[in-house]
Amino acid sequence: MKNMGKAIVLSTGLLLASTSFSVIPWNTPVVEATSSLKIPKTVYQTTANLNIRAGAGTKYKTVITVPKGKTVIATEKLGDWYKVSYTYSIKGKGYTKIGWVSGRYLKKVSSNPSAGATAKPTAIPKTTYQTIANVNLRTGAGTKYKTIMTVPKGKTVTAAEKLGSWYKVSYQYDWRGKRHVQTGWMSGEYLREYNQYKNTSAAYYFTKTTTLLYSVPKKQGSAVKVASGNGLYSTRMVMNSIGQIWYEVSFKGRKRYVLANDVTKIMPQRFSQTKYQAIKDVGLYAAPGSAHDRLATIPKGTVITSALRIGDWYEVVYKGKKGYIYMSGVTKYVPAPSNSPSNPAPEQPSPPPSTSVTEQEMMGRMFAVRVNLNVRKLPDTNADILETIPRGTIIVPTHETSNNWYKLQYKGKIGYVSGASDYVTEVKTGAPLDGSRNGYQFLDLRTEAPVTAEQINAYIEKNVGGRTSVLIRKGQQFIEAGRKYGVNALYLAAHAIHESAFGTSRLALTKYNLFGYGAYDDAPFVAAYRFPSVDACIDYIAQMIKATYLNPGDKWFKGAYLGFRTNTLSGSRVDESSEGMNFYYASDPYWGQNIARHMANMLAYDPDDYKSAHINENVPFRPTIPQGGDVFPAGIVAVANSDLALYRQKGGEEIAKISKGSVFMLLEKTNDYWIRLQYNGRQYWTNAIKLDNYADYMTVKNLGSVTADGLNVRSTPSTQNNNIIGKLEMGQYVQLKLKSDGTVEQNGSWYKVVLDDGRIGWVHSQYIIRELK
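Residues numbered from 1 in each chain as written. Predicted model: local features only at pLDDT ≥ 70, side-chain atom pairs only at ≥ 80, totals over all residues. Heavy atoms only, no water.

Turning to the overall build of the protein, a few remarks are in order. Regarding its fold elements, the protein presents nine helices and 54 strands. Along the three orthogonal principal directions, the C-alpha set of the protein runs to about 125 × 70 × 60 Å. Total accessible area on the protein stands at roughly 35,900 Å², and carbon and sulfur atoms take up 48% of it. (Helix = DSSP H or I, 4+ residues; strand = E, 2+ residues; numbered from the N terminus. Areas by Shrake-Rupley, 256 points an atom, 1.4 Å probe, with all protein chains shown as cover.)

Okay, the pairing of strand β43 (residues 663-670) next. The buried count for β43 comes to six of eight residues, which makes it a mostly enclosed element. Here three bridges tie strand β39 (residues 629-631) to β43, and the two strands are oriented antiparallel to one another. The residue of β43 that forms the bridge with Asp630 is Lys669. Bridge analysis of strand β40 (residues 637-640) against β43 gives three bridges, and the strand direction is antiparallel. When the bridges of β43 are listed, Val639 appears paired with Val663. Alignment of β43 against strand β44 (residues 675-679), held across four bridges, turns out to be antiparallel. Note that in β44 the partner of Lys669 across the bridge is Ile675. If you look at the hairpin formed by β43 and β44, you'll find four residues sitting between the two strands, and Tyr673 has a positive phi there, around 65°. (Buried < 20%, exposed > 50% of the residue type's maximum accessible area, 1.4 Å probe, protein only. Pairing = 2+ DSSP bridges.)

Another aspect to go through is unusual backbone geometry. Note: most residues except glycine have negative phi, and most peptide bonds are trans. Residue Lys252 is not a glycine yet carries a positive backbone phi of 55°. Take Lys252: it is sitting in the loop between β19 (245-251) and β20 (254-259). Overall, Lys252 belongs to the partly exposed group, its relative accessible area being 48%. Residues other than glycine seldom take positive phi values, yet Asn680 does so here, at roughly 55°.

What follows concerns the nonpolar core. Side chains of a nonpolar character, in soluble globular proteins, are inclined to be buried together. Within the largest apolar cluster, 87 residues are counted, with the highest numbers of intra-cluster contacts made by Tyr491, Leu514, Phe664, Leu666 and Leu772. When residues no more than four places from it in sequence are discounted, the contact partners of Tyr491 are Leu445, Ile545, Leu562, Met581, Ile595 and Met599. Counting 17 residues, the second largest nonpolar core, distinct from the first, contains Leu728, Val734, Leu738 and Val753. (Core = buried A, V, L, I, M, F, W, Y, C linked by side-chain atoms within 4.5 Å. Contact = heavy atoms within 4.5 Å.)

All right, on to the sheet that holds strand β30 (residues 366-369) then. Judged by pairing direction, the sheet is antiparallel, and its four strands sit side by side in the order β33-β30-β37-β38 without closing on themselves. Only two strands of the sheet have a single partner each, and these edge strands are β33 (394-395) and β38 (566-568). Where β30 meets strand β37 (residues 424-429), four bridges bridge the pair, whose relative direction is antiparallel. Residue Phe367 lies in a different strand from β37, and its bridge partner there is Glu426.

A few words now on helix α5 (residues 475-485). All buried positions along α5 are accounted for by Gly475, Gln477, Phe478, Ile479, Ala481, Gly482 and Tyr485. Its buried side turned inward, α5 meets α4 (453-464), α6 (489-500) and α8 (534-547). Following α5 by one or two positions, Gly486 has its phi on the positive side, about 75°.

If you want to describe how two helices pack, look at the angle between their axes and the distance between the axes. Close contact between α5 and α6 brings their axes to 8 Å; oriented N to C, the two are set at 130°. Put simply, α5 runs oblique to α6. The two elements α5 and α6 meet at a crossing, and its hand is right-handed. Contact residues: Phe478, Ile479, Ala481 and Gly482 in α5; Ala489, Leu492, Ala493 and Ala496 in α6. Grouping the constituent residues of the contact of α5 with α6 by class yields seven nonpolar, one polar and no charged. (Axes fitted to C-alpha atoms, helices over the stretch in contact; angles between N-to-C directions. Parallel < 35°, antiparallel > 145°, perpendicular 65-115°, else oblique. Left-handed = near helix turned anticlockwise from the far one by under 90°. Nonpolar A, V, L, I, M, F, W, Y, C, P; charged D, E, K, R; others polar.)

Per-residue confidence for the protein gives a mean pLDDT of 87, with 91% of residues at or over 70. Per-residue pLDDT stays below 50 along residues 2-33; that stretch engages in 137 contacts with residues further than four places along the chain or on separate chains. A low-confidence stretch, residues 338-355 (pLDDT under 50), is modelled with six contacts involving residues beyond four sequence positions or located in other chains. (pLDDT = per-residue confidence, 0-100.)

Below, the discussion takes up the packing of aromatic side chains. In the structure shown here, the tally under the stated rule is 32 aromatic pairs. Between Tyr517 and Tyr529, the ring centres sit 5.3 Å apart and the planes meet at 70°, which makes this aromatic pair edge-to-face. Separated by twelve residues along the polypeptide, Tyr517 in the loop between α7 (506-511) and α8 and Tyr529 in the loop between α7 and α8 bring together distant segments of the chain. Judged by relative accessible area, which is 4%, Tyr529 ranks as buried. Judged by centre distance (5.1 Å) and plane angle (75°), the ring pair of Phe632 and Tyr733 falls under edge-to-face. Taken as a pair, Phe632 in the loop between β39 and β40 and Tyr733 in strand β50 (residues 733-736) lie far apart in primary sequence, 101 residues in all. For the pair Phe632 and Tyr733, a shared accessibility class is recorded, and that class is buried. Aromatic rings pair up to connect Tyr517, Tyr520, Tyr529, Phe531, Tyr540 and Tyr673 into one cluster. The ring of Phe525 has Arg506 sitting right over it, with the charged end atom 3.8 Å from the ring centre. The ring of Trp685 carries the charged tip of Lys650 above its face, separated from the ring centre by 5.4 Å. (Phe/Tyr/Trp six-rings, centres within 6.5 Å; stacked < 30°, edge-to-face > 60°. Lys NZ or Arg CZ within 6 Å of the ring centre and 35° of its normal.)

Moving on, we get to the pattern of salt bridges. By the definition in use, this model includes 27 salt bridges. The shortest N-O distance in the salt bridge between Arg365 and Glu426 comes to 2.8 Å. Of the two residues, Arg365 sits in the loop between β29 (359-361) and β30 while Glu426 sits in strand β37, which places them 61 residues apart along the sequence. With relative accessibility at 6%, the residue Arg365 sits in the buried group. In the salt-bridge network here, residues are joined through shared partners; they are Arg309, Asp312, Arg365, Glu400 and Glu426. (Salt bridge = Lys/Arg side-chain N within 4 Å of Asp/Glu carboxyl O.)

A cluster of like negative charges, contributed by Asp521, Asp522, Asp692 and Asp696, occupies part of the molecular surface. With respect to the secondary-structure elements, Asp696 resides in the loop between β45 (682-686) and β46 (698-700). (Patch = residues over 30% accessible without salt bridge, like charges linked within 9 Å, V, L, I, M, F, W, Y side chains within 5 Å. Lys, Arg positive; Asp, Glu negative; His and termini not counted. Charge placed at Lys NZ, Arg CZ, Asp CG, Glu CD.)

A word on the packing of α4 against α5. Two numbers describe how α4 lies on α5: the axes approach to 7 Å, and their chain directions differ by 135°. Taken as axis vectors, α4 and α5 run oblique relative to one another. Considering only the axes of α4 and α5, their crossing is right-handed. When α4 is examined against α5, the residues Ala453, Ile456 and Asn457 are found in contact with a partner set consisting of Gly475, Gln476, Phe478 and Ile479. When its residues are assigned to classes, the contact of α4 with α5 shows four nonpolar, three polar and no charged.

Below, the discussion takes up helix α9 (residues 591-602). Since the α-helix turns once every 3.6 residues, residues separated by three or four places project in the same direction. Under the 1.5 Å per step criterion, the end-to-end length of α9 is 17 Å for twelve residues, consistent within 8% with the ideal 16 Å. Three or more residues of α9 are buried, namely Trp591, Gly592, Asn594, Ile595, Ala596, His598, Met599 and Met602. Summarising the contacts, the buried residues of α9 are in contact with α4 and α6. (Expected span 1.5 Å × (residues − 1).)

Moving on, we get to the environment of Tyr647. Structurally, the position occupied by Tyr647 is in strand β41 (residues 644-647). Residue class for Tyr647 comes out buried when judged on its relative accessible area of 16%. In the structure, Tyr647 is positioned 327 residues away from Gly320 in sequence and 58 Å away in space, judged by C-alpha atoms. Each residue touching Tyr647, except ones within four places of it in the same chain, is listed here: Gly652, Glu653, Glu654, Ile655, Trp674, Tyr684, Trp685, Thr686 and Asn687.

Another point: the environment of Gly731. As for its placement among the helices and strands, Gly731 is situated in the loop between β49 (724-728) and β50. Sequence separation between Gly731 and Leu509 is 222 residues; the distance between their C-alpha atoms is 8.4 Å. Not counting chain neighbours up to four residues away, the residues in contact with Gly731 comprise Arg506, Thr510, Phe525 and Val706.

Structure (structure tokens):
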């Protein structure tokens, strides 16, 4: 994701179409004609939730409400009303209702009922389901189709297509010693997503970067953000219904789930009981990581004991509270000499440092050298100098001494460097620790890659796994954009693949944003650019990258290659140990490594391919910001957290100001980060709100965005079959209903929402992200 600062299958009970809907529309005019006209059988699709009535007019009783998008067959017409038949199923049984509907809410599908009564199936991510009853597998999507076999309760099936509330599934079973596979259609009413849980040995999983923890093992719904370097305890893993591996973890007393790719496993290490002394005030946390609850503050100078280390954290007990402290806040305790000045011990020669200093293994901790640093023979400033390590070098010491020196091997020599914070900083880095600079991570990205569109396409299709992706068969677009601007096409494809999860991310599917461009860490969805098409995005980014990050004359240039970034444990960049695009483009220190890995997966690195490669040094002009942005629903309330300058139009003169604490309505955000708002009944524009740290400027009370396609809006906060009143699409913004005290109205895990037409409904919070809150 750019540091200017994913198709989802939903729970069956929440998303499957129901057969009874709330009554709309209600204001269709009464037709006074008295005789109907026979018409050829014609298939129509409903364009809204539509009442079937006993007669041709709103004065007649409602027979049933047909959901939006369903098909009906018309045989008679009376004015603007049609006599139709509607077939549906409830609990596996088929029913047909006949009555009259308004033609204002019908769209013609076919004049042949047998050809048009069934819409085309839509692709869904390949998902595993479990049957919750004995359920029939049929030849088509409906109870009118022949039963192939009955699948017993508790069996698993996989689906990659859906038609209404029916799923095309594959069922594997054994019969007479042989494995059989049967494919057919099954009602979603009897299916639930199947997650496979497995108990694991207890371990801590540390976040690699800022990571989201979800309440379910999938990227859906509200999530808790946890910074890098925090340990999460787990004894269970789960493979979810679409094949992702997650760990079930404990965070602040609640069960959460973290994606396996976002964490690193670290086992606790026991050692002999050792005393440490705080060299500053040290926080005591409930678990290893500052994101956990802080139990106490251990004052500077306090002596504490530990015999367990987890990553960079010691387990200690302080005033009866067991917790974890970060190791940089303590040093090994050395008792003061027992001889006082009034009763000195007999004089004797001081022992050499090598015999007076104890050492402890470092277990793979990495440090960035901040100055040209001497390697000495012994851990003492008076010892002989063996070598000098250049500023910016990454070192991996083997031991730490009790007087704060680090033991390491450098250029074949074993020696010591001072651990003073002015000289070295503990870091996480994407730099190759062996010092090598080969492979795609250090390839000049202004060279042409010998990759074909077919190779790019094959890699994407192999990894999409049945999910909806906007990158399918887009290999040629990367080839053409690379040649057009002189950018390595293999890199362009790998960059898009990495940032968009092979074209399946929410940004890719809803904003055609493949590169996370503009997606600040604080506001990844709202801040991200919206592009008119996938091709437009690829072309724009290729030109922008060449004009900036690969342009030696630009302020963003730190080398025309992927490179790496080095971060302190708190996430700050270490400039002298960072280089290439990774320096500015991404806060993830492993970003360059990850994109290089995708490149190698598509086409193995061969140095011969680039020995005599031409470096395209042409620099295109920097493209203008694409038109587009995000329009928010009515009724989005925000509070100013600082004074905000207001303009009548973008780029005009300041004409007003919002004072800190004032309330305004949020209307629109454009790609160039101007925001349109309403204040005191008038509309203004402002560019004073910086989305990379929006909380300094405003708090938005009730803006939500949808993380799944086809999210049901219900009349009550439950999954009853007869309470669906509408649907929301993935990426759609929605107004959350506010109570009189200014907080969002909730009922358990449900949000109350206001639809665009003013109707009130409920959606499950699992599929809503609170934006800019």
